[in-house]
Amino acid sequence: MKRHVEFERLHNFRDLGGYRASDSRTVPWQALYRSDSLGKLQGADWERFLGLGIRTVIDLRYPWEIEAKGRVPEPERFHYVNLSIEHRPYDQAEIDPELDPWRYLADRFAEVTEDGAEEIRQVLEQIAHAPGPVLFHCTSGKDRTGLIGALVLTLLGVDRETVLTDFALTELATERLIADWKAANPGRELRWPGYGRAPAAVMGLVLADLEAKYGSVDGYLEDRVKLSDDTVGALRARLLTDGSD
């Protein structure tokens, strides 16, 4: 199976299948996807998307982003849910180039893990229980999407190195994400050299911060997100299989 699903207009569409958990079970293919904005789907891309059989779409963006950029076409075809996990918007293109870029991003993630705890719980509940296959996405499929991906894989018992490696696969889309930004912002300067980047070091800091504050990522999900044992069990039952990768 292929991890990257190729589209003309989408740059960061991936299948989260094939990863091995600590109990030797495996995340099934074609059950859980992550992506950049589905508002870009049209033509052959749309037909390819429909061919995946996705039934649930979880949109992690602000409502104003959806208004500006559109959501999945024909949303009535899907179980569509908008859960904005980020509460403090910021413009990555304008980040001060003198700042430590990865620490800065990790601090923004920390805001999301605190501010968006309720929405994060609802996202995980949707992944556990909503009609599947399931896709979750934001604008670039990088930060908000990357956080949910890391939390899900950690809950499933996937090892830390693999979780970080999955997060960093967005780096393969960075050049195209930058090209899209420049096309959408003629005349603006892209001040921050880290735009579109998603190195493993960022998510490493995020998960270490959660461990320092809550003892473990699972501790964060239990204490701050208030994720129930029933949801954890349903998530693992749905997304772990005895089959090989």
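Just so it is clear, the model here is predicted, and its values are computed rather than measured. (Residues numbered from 1 in each chain as written. Predicted model: local features only at pLDDT ≥ 70, side-chain atom pairs only at ≥ 80, totals over all residues. Heavy atoms only, no water.)

## Considering the packing of aromatic side chains
- In total, this model carries 12 aromatic pairs according to the counting rule given.
- Ring geometry for Phe-49 against Phe-78: centres 5.8 Å apart, planes inclined by 65°, an arrangement best described as edge-to-face. Residue Phe-49 is located in helix α1 (residues 43-51), and its partner Phe-78 is located in the loop between α2 (63-69) and β4 (79-82); the two are separated by 29 residues in the primary sequence.
- Note on Phe-49: relative accessible area 0%, which makes it buried.
- Judged by relative accessible area, which is 11%, Phe-78 ranks as buried. (Phe/Tyr/Trp six-rings, centres within 6.5 Å; stacked < 30°, edge-to-face > 60°. Helix = DSSP H or I, 4+ residues; strand = E, 2+ residues; numbered from the N terminus. Buried < 20%, exposed > 50% of the residue type's maximum accessible area, 1.4 Å probe, protein only.)

## Some remarks on the nonpolar core
- Core analysis: the largest hydrophobic core is formed by 59 residues, its most contacted members being Ile-120, Ile-127, Ile-148 and Leu-221.
- At the level of elements, α3 (101-115), α4 (117-129), β5 (134-137), α5 (144-155), α6 (160-168), α8 (200-214), α9 (217-223) and α10 (229-239) are the ones that each hand at least two residues to this core.
- The element that contributes the greatest number of residues to this core is α5, accounting for 7 residues.
- Those residues in contact with Ile-148 that sit more than four places away from it in its chain are Leu-60, Ile-85, Ile-120, Val-123, Ile-127 and Phe-136. (Core = buried A, V, L, I, M, F, W, Y, C linked by side-chain atoms within 4.5 Å. Contact = heavy atoms within 4.5 Å.)

## As for α6
- Where α6 is concerned, the buried positions are Thr-162, Val-163, Leu-164, Asp-166, Phe-167 and Ala-168.
- The elements touched by buried residues of α6 are β1 (14-15), β2 (32-35), α3, α5 and α8.
- Here α6 starts with a cap whose side-chain oxygen sits 3.2 Å from the backbone nitrogen of Glu-161, and that cap is Asp-159. (Polar contact = N/O pair within 3.5 Å; in protein donor to acceptor, adjacent residues only side chain to side chain.)

## Focus: the sheet that holds β2
- Reading across the sheet, the 5 strands line up as β1-β2-β5-β3-β4 and stay open at both edges, with mixed pairing between neighbours. Of all strands in the sheet, those with a lone pairing partner are β1 and β4, marking the two edges.
- Summarising the sheet, β2 and β5 pair through 4 bridges and their orientation is parallel. Counterpart to Arg-34 in the pairing with β5 is Phe-136. (Pairing = 2+ DSSP bridges.)

Keep in mind these values describe shape, not function.
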